[in-house]
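Chain by chain, the residues:
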Amino acid sequence: MVDPDATAETKALYANLWAIQQRGFMFGHHDDLSYGRHWQGVKGKSDTKDVCGDYPAVYSLDFASMMDDRFNPQSDWVAQSKQNILAARRRGEVITACCHLNNPLTDGDSWDNSSRAVVAGILKNGSNTQAKFNTWLDRLISFVKDLKDDNGHPIPIIFRPFHEHTQTWNWWGRGCATESEFVNLWRYTVAYLMRGGVHQFIYIISPQSGGADGEDRFTYWWPGDDYVDMIGYDFYEQENPIDFYISLKSLSAVSAKKQKPCAVTETGLEAFSNPRYWTDQILQPATASGVHISFITFWRNKYVGKNEKDTHFFSVFPGHPSEQDFKAFYCDKRTYFSRDLPDMYSPVTGIIVE
């Protein structure tokens, strides 16, 4: 692993991620515990659970608002996020977090790609941009150090910074940074967090399409084997399940070569309506020959209240045309949901984590 001082539970989770992708894959959903299409902020609620009676195996959230200038330690969102992480861990689920960080140079959002000087500014010792970014990392350190399981042990988290760097929409990606700048930003961030005492992270890189083709897309601007624990992929081109299968097979091949587990870290088809979406477009390609992945995480179901014209959803919810197909997907022995999971935080016989 990247961190030589990773906690025992983090090493155990890492081993289980490798083991589970030999048998099937875990279902994940972003912000599943925070809100759904027609609800928000209801403790214990979940669009997934409302359909199949079980929670996702993987709970995904965004750490950005716990870090950047939107941070408010007294906000309901921060408190709710902490409680959702604790609840997911108590059920034995896996937690992963991305970071749509604001732009520390321009004060714009993650999508502000107006300057090519942001990453260079972070890496310049003594700069105001570096000082601001360090403050954001310090807030993250403080937040995660407060995340303890019922035995008082730090809760492991699959941390996914600077995702989709192969795209041009972000201030850290190929539209604004050079390869060496991105690599050094990644290494700087990992080293800073470890120096700050965070030893519960599994570091996962997650490119999207763009920048390279074939297997090379997964190692585009690779920070080095010593700085990456896991290989992810953000995939949103799901109209054709054959394309999904080809990508998953390539991802699995890189995973085997690198001896690092892999996952689909974001996916989904916005406003999908296919009543057989889950079995035809997800299950079949994800369990085909040569595919071995730890989990597939679907993007969020935005809370829209009664505004049915807003179709920003990527997973199932009560009343969706794919509801019955999702139940069949849930019952398949190759899909893992919360109640299907082994103890993800205990070591796996026969797998050695170094």
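Residues numbered from 1 in each chain as written. Predicted model: local features only at pLDDT ≥ 70, side-chain atom pairs only at ≥ 80, totals over all residues. Heavy atoms only, no water.

Engineer: Summarise the side chain of arginine 217; cite the residues concerned and give the values.
Structural biologist: Assignment of secondary structure puts arginine 217 in the loop between strand S7 (201-205) and strand S8 (230-235). It is aspartate 213 that comes nearest to the buried, bridge-free arginine 217 among opposite-charge side chains, at 6.0 Å. At 2.8 Å, the side chain of arginine 217 and the backbone oxygen of glycine 214 are in polar contact. (Helix = DSSP H or I, 4+ residues; strand = E, 2+ residues; numbered from the N terminus. Buried < 20%, exposed > 50% of the residue type's maximum accessible area, 1.4 Å probe, protein only. Lys, Arg positive; Asp, Glu negative; His and termini not counted. Salt bridge = Lys/Arg side-chain N within 4 Å of Asp/Glu carboxyl O. Polar contact = N/O pair within 3.5 Å; in protein donor to acceptor, adjacent residues only side chain to side chain.)

Engineer: I'd like a rundown of the side chain of serine 81, residues and numbers included.
Structural biologist: Here serine 81 lies in helix H3 (residues 76-90). Judged by its relative accessible area of 2%, serine 81 falls in the buried class. Within the local environment of serine 81, its side chain forms a polar contact with the backbone oxygen of tryptophan 77, the two atoms lying 2.8 Å apart. Excluding residues that lie within four positions of it along the chain, serine 81 makes contacts with Leu61 and Met66. (Contact = heavy atoms within 4.5 Å.)

Engineer: Give a detailed account of the packing of helix H5 (residues 128-145) against helix H6 (residues 179-195), specifying residues and quantitative values.
Structural biologist: Look at H5 against H6: their axes get within 10 Å of each other, and the N-to-C directions meet at 45°. If you check the angle between H5 and H6, you find them oblique. Here H5 and H6 pass one another in a crossing that is right-handed. Contacts from Gln130, Phe133, Asn134, Leu137, Asp138, Leu140 and Ile141 in H5 reach Leu185, Tyr188, Thr189, Tyr192 and Leu193 in H6. Residue classes in the contact of H5 with H6 are distributed as 8 nonpolar, 3 polar and 1 charged. (Axes fitted to C-alpha atoms, helices over the stretch in contact; angles between N-to-C directions. Parallel < 35°, antiparallel > 145°, perpendicular 65-115°, else oblique. Left-handed = near helix turned anticlockwise from the far one by under 90°. Nonpolar A, V, L, I, M, F, W, Y, C, P; charged D, E, K, R; others polar.)

Engineer: An account of helix H1 (residues 8-20) is requested, with residue identities and associated values reported.
Structural biologist: Taking 1.5 Å as the rise per residue, H1 with 13 residues should run 18 Å; its terminal C-alpha atoms sit 18 Å apart, in good agreement. Residues of H1 that are buried: Glu9, Thr10, Ala12, Leu13, Tyr14, Ala15, Asn16, Leu17, Ala19 and Ile20. (Expected span 1.5 Å × (residues − 1).)

Engineer: Account for the pattern of salt bridges, naming residues and giving values.
Structural biologist: Under the definition given, this model contains 17 salt bridges. Among the salt bridges present, the one from aspartate 234 reaches arginine 160, with a minimum N-O distance of 3.2 Å. Of this pair, aspartate 234 sits in strand S8 while arginine 160 sits in strand S6 (residues 157-160), and the two are 74 residues apart along the sequence. As far as burial versus exposure is concerned, aspartate 234 and arginine 160 are alike and both buried.

Engineer: Requested: an account of the packing of aromatic side chains, with residues and values cited.
Structural biologist: Under the definition given, this model contains 40 aromatic pairs. Seen in terms of ring centroids, phenylalanine 27 and tryptophan 278 are 6.0 Å apart; in terms of plane orientation they differ by 70°. Their pairing is edge-to-face. Here phenylalanine 27 is found in strand S1 (residues 25-30), whereas its partner tryptophan 278 is found in helix H8 (residues 277-286), with 251 residues between them in sequence. There is no split in this pair, since phenylalanine 27 and tryptophan 278 are both buried. Ring centres 5.8 Å apart and planes at 85° place the aromatic pair phenylalanine 326 and phenylalanine 337 in the edge-to-face group. Here the residue phenylalanine 326 occupies a position in helix H9 (residues 323-331), and phenylalanine 337 occupies one in the segment after strand S11 (335-336), the gap between them amounting to 11 residues. The same class applies to phenylalanine 326 as to phenylalanine 337, namely buried. One aromatic cluster in this structure is built from Phe25, Phe27, Phe272, Tyr277, Trp278, Phe298, Phe313, Phe317, Phe326, Phe329, Tyr330 and Phe337. Taking the ring centre of tyrosine 345 as reference, the NZ or CZ of arginine 89 above it sits at 3.8 Å. The side chain of arginine 91 reaches across the aromatic face of tyrosine 55, ending 3.6 Å from its centre. (Phe/Tyr/Trp six-rings, centres within 6.5 Å; stacked < 30°, edge-to-face > 60°. Lys NZ or Arg CZ within 6 Å of the ring centre and 35° of its normal.)

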